[in-house]
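# Remarks on the overall topology
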Amino acid sequence: MVNITLPDGSVRSFDAPVTGLELAGSIGEGLKKAAVAITLDGTQKDITTTITKDSEVSIITNSTDEGLEIMRHTVTAQVLARALKNLYPSAKLAIGPTIDSGFYYDISTEEKITTEDLDKIEAEMRKIVGEGLDITRKEYTRDEAIKLFESRNEPFKIEIINDTPESETHFGIYEQGDGVFYDLCRGPHLTSIKKVGAFKLLSVAGAYWRGDAKNEMLTRIYGTAFKTEKELKAYLRMMEEAEKRDHRKVGPALDLFHFQEEAQGQVFWHDKGWKLFLTLQDYIRNKLAAHNYQEVNTPQLVDHSLYIKSGHWEKFSHGEIFEVKESETKLSALKPMNCPCHVQIFNTGLKSYRDLPLRMAEFGCCMRNESSGSLNGLLRVRSMTQDDAHIFCTPQQIESEVVLLCELIKDIYGDFGFNDIVVKFSDRPEMRVGSDDVWDAAEQALKDACDAAGLTWTLNPGEGAFYGPKLEFVLKDCIGRDWQCGTIQMDFNMPGRLGATYINEQGEKEHPVMIHRALLGSLERFTGILIENFAGHFPLWLAPVQIGFSGVIEKHNEHAYKLAKQFEEAGFSTFVDPRNEKINYKIREMAHQKIPYMAIIGDREIEEGTVTIRRLGEGNKTTTYKVEELIAKMQEEVVTKALPPMAE
RNA sequence: GCCGGCAUAGCUCAGCUGGUAGAGCAACUGAUUUGUAAUCAGUAGGUCGCGAGUUCGAAUCUUGCUGCCGGCACCA
């Protein structure tokens, strides 16, 4: 008797062991058809797995995310991998996992594989799908598995087997057809190649074996798959649309900034982009005032001895810090971070426990020699402006300070319309300063504070700063890449290294705790994310040009300028298009320039003292306002930081 | 930094196997005086990323460099 408990709590009893497929069939024919795998007592298994004892089972169908992932896994590990072996017999297979957007396979080849080869590989994959062989799982002993992969010349597979703990005595190997193709795999897989959906190979890239730069660089082939051709097409179309939001295209097109070779990784901010930048800075500056921060400014060029003391010099001794020879004997650094300088300010004069928490902020311009391959428009630059601050506090104040920060960050991100922020908790890295006791305390303190703030986070193991654990507030760019923006970092180490002390209530000297935090992160990166998030169509309060005026014909220009002046005086940034062009044309251009309010001035408006506007994002609807009325409406929109209407 | 790709006018792109550059939009000039996403005509615009090589001749072939793109590694 086998009793199987289903997710809804119902129990099905069978006289003899059953397979997942039989179980699905006993529930319904439709379910049987859609079933791709099962979850048996919390672990994913093949649909053909025999259930021999009482267990909890749920059936994974092809219309769930889990089912999609299993199908993608089969596409990469069975179809793509085999196609690559067919076309490049000497290729050695590494690994082929699924990722959020699809899958990849890493191989080592003598031949160069380029984007142009993808069609050829895809054609081979279709051939394999056409054959539609069955996939079966077999258990091999360690020796058998190694022998199999030795005979197939797959050293990476053997390395994987050799690196598993001795306690693993058996390995699951999936066999396609009758010995046509073998792959080492945890599974589960579809039972037949016939069942894979629509797929497409997307790109070729390099990737280090096991993610380690010391290892061989393999060729990685990215692709994606969906249940239906329609979903695949929709995904590809969505990606195409998303790429149009790329801040590196939109930014220069809107005349916000540009880059050029002579200043790699640094931004040439144009008038409009700088307006946006300053708006963000003012916004944060107002928050600082409201949260009892002091704002400071510290030197750009600092003797390297300070960074030796702080520990940065040793940690970043691979050229990340720009070195400047100030004289024959004096070696300085272009400030790569603000913290050591802030401690210098803290260290002037005696500090009492009554001075804590002391919140010190700086819009510090930091320069880091980021590797050329990591540079990415505004999202990763060599010269950036952090909205940085350091909070010097007592251990007892940590929790309340972090709670305040979490609330502040939530509040700020909400103002930009980012309501579902991903928070990562990064704990101690391998390369670090400070004792394990101190790390235990720091990590615990940060976790407690997260709980108190009601933050949910995911663990990002080993990714903390070298001086302490950190929280990262992560936003995504237009093609779904993660970027760390805000951060809160706990530091029990640097105050001691740099001799920061305060006099506690007992009259003794003590090191304060330092909390490093940035709200937006770097203003450059945050601006880039904003451009992509809004596709250049910013909320009114951020828009570098807020209202544009065009006369119907040339004689209306004078009035257009007069109105523009009136709106300037009311605090708006304006634009006037005096050109002798049709208004259709001028409207079109203002829309392309993402000017939120587009005003057309003709005889009627002049007579009536009104403005007729068209709001970007609201189609061709026009509304006529009294001038003061529109000013009030727009001021309201600025004050409430309303998000822009998005229907384009 | 590593793997692969790319670099032609302000922008988007064409230029086949080598015969020394072409379109649309933008710009400029003129005509048009126009009511909500492209008015018409004309003019001008390029050391084909930079350097070397092969060749009678290079945007095109080879090579070195620089930058950019996609990944990987890195990310205070």
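Look up: the structure comes first, before these words.
Predicted model, so just to flag it, every value in this text is computed and none were measured. (Residues numbered from 1 in each chain as written. Chains lettered and ligands numbered in written order. Predicted model: local features only at pLDDT ≥ 70, side-chain atom pairs only at ≥ 80, totals over all residues. Heavy atoms only, no water.)

## Re the packing of aromatic side chains
- Per the counting criterion, the structure on display carries 22 aromatic pairs.
- Here the aromatic rings of Phe416 and Phe526 are separated by 4.9 Å at their centres, their planes lie at 75 degrees, and the arrangement is edge-to-face. Taken as a pair, Phe416 in the loop between α13 (398-415) and β24 (422-426) and Phe526 in helix α16 (residues 523-534) lie far apart in primary sequence, 110 residues in all.
- On the accessibility criterion, Phe416 (1% relative accessible area) is buried.
- Taking relative accessible area as the criterion, Phe526 reaches 0% and is therefore assigned buried.
- Clustering of aromatic rings is evident, with ring pairs tying together Tyr283, Tyr413, Phe416, Phe418, Phe526 and Trp541.
- Stacked on the ring of Tyr104, the Lys or Arg Arg220 has its end atom at 3.7 Å from the ring centre.
- In this structure, Lys351 packs its charged tip against the face of Phe346, placed 5.4 Å from the ring centre. (Phe/Tyr/Trp six-rings, centres within 6.5 Å; stacked < 30°, edge-to-face > 60°. Helix = DSSP H or I, 4+ residues; strand = E, 2+ residues; numbered from the N terminus. Buried < 20%, exposed > 50% of the residue type's maximum accessible area, 1.4 Å probe, protein only. Lys NZ or Arg CZ within 6 Å of the ring centre and 35° of its normal.)

## Digging into helix α5 (residues 142-151)
- For α5, the complete set of buried residues consists of Arg142, Ala145, Ile146, Leu148 and Phe149. One side of α5 carries all its buried residues, which in axial view fall inside an arc of 160 degrees. Counted as exposed and oriented over 90 degrees from the buried face of α5: Asp143, Lys147, Glu150 and Ser151.
- Looking at the buried residues of α5, the elements they touch are β11 (135-141), α6 (155-162), β12 (170-176) and β13 (181-184).
- Positive phi appears at Asn153, one or two residues downstream of α5, with a value of about 55 degrees. (Arc of directions from axis to C-beta. Contact = heavy atoms within 4.5 Å.)

## Some points on the nonpolar core
- Residues Tyr413, Phe416, Leu471, Ile488 and Phe526 are the most contacted members of the largest nonpolar core, which totals 65 residues.
- No other element matches the 9 residues that α13 contributes to this core.
- Setting aside anything within four residues of it in sequence, one finds Phe416 in contact with Leu280, Tyr283, Leu520, Phe526, Leu530, Asn533, Phe534, Trp541, Leu542 and Leu643.
- Counting residues in each nonpolar core, the second largest holds 35 residues, with Leu68, Tyr88, Ala91 and Met125 among its members. (Core = buried A, V, L, I, M, F, W, Y, C linked by side-chain atoms within 4.5 Å.)

By themselves, these are just geometric observations and shouldn't be taken as functional.
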